[in-house]
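Structural overview for review
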Amino acid sequence: VFPGGNLNGVYTSLASNTVTFQPGIYRIWAAASVFGVDRNMMRIRDTTNSVTIVNGLSTFANVQNSVAGILNTTSTVNIQLQHWAQSTHSSGQGIMSAGLSESNTYAIFEIWKLNL
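Keep in mind it's a predicted model, so treat the numbers as computed, not measured. (Residues numbered from 1 in each chain as written. Predicted model: local features only at pLDDT ≥ 70, side-chain atom pairs only at ≥ 80, totals over all residues. Heavy atoms only, no water.)

1. Points about the packing of aromatic side chains
Within the structure shown, the criterion is met by one aromatic pair. Relative to Y26, the ring of F21 has its centre 4.8 Å away and its plane inclined at 75°; by these criteria the two rings are edge-to-face. The aromatic ring of Y26 is capped on one face by K113, whose charged end is 5.5 Å from the ring centroid. (Phe/Tyr/Trp six-rings, centres within 6.5 Å; stacked < 30°, edge-to-face > 60°. Lys NZ or Arg CZ within 6 Å of the ring centre and 35° of its normal.)

2. So, the sheet that holds strand 2 (residues 18–21)
Judged by pairing direction, the sheet is antiparallel, and its five strands sit side by side in the order 1-2-7-4-5 without closing on themselves. Here the strands that pair on one side only, and so sit at the sheet edges, are strand 1 (12–15) and strand 5 (51–55). Between one strand axis and the next, the sheet turns through 25° on average, direction left out of account. With seven bridges joining them, strand 4 (residues 40–46) and strand 7 (residues 77–85) adopt antiparallel strand pairing. In the sheet register, N40 faces strand 7, and the bridge partner there is A85. (Pairing = 2+ DSSP bridges. Helix = DSSP H or I, 4+ residues; strand = E, 2+ residues; numbered from the N terminus. Axes fitted to C-alpha atoms, helices over the stretch in contact; angles between N-to-C directions.)

3. Focus: unusual backbone geometry
Although it is not a glycine, S16 sits at a positive phi angle of roughly 55°. Its place among the elements puts S16 in the loop between strand 1 and strand 2. Of the residues examined, S16 reaches a relative accessible area of 68% and is grouped as exposed. Phi angles above zero are rare outside glycine, and S50 is one such case at about 55°. Residue position: S50 is located in the loop between strand 4 and strand 5. (Buried < 20%, exposed > 50% of the residue type's maximum accessible area, 1.4 Å probe, protein only.)

This is the structure in structure tokens:
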């Protein structure tokens, strides 16, 4: 999603933190930044069929974490990017801390429809 864009396209739609994919093959890449947390991990999860498409790395605080995988589906499925933090620090820092008066970006979710 580019600034001002959305995931509402021909093959995908976004609602309630869930991306609905139409049948096809997709490359999915996601990244998120964290600060002031202990271990954190991301995964791409098919919530329609209750299966994990791919798990990301378990990393320590103050890094950018990312996850990438291939979704090959013959039916419509709902996908979520899920991100966990082991614990946040009591200093008020953590996984979601508001910054400037602009909208904050905590994660990037990139989708490529593959035509094989």
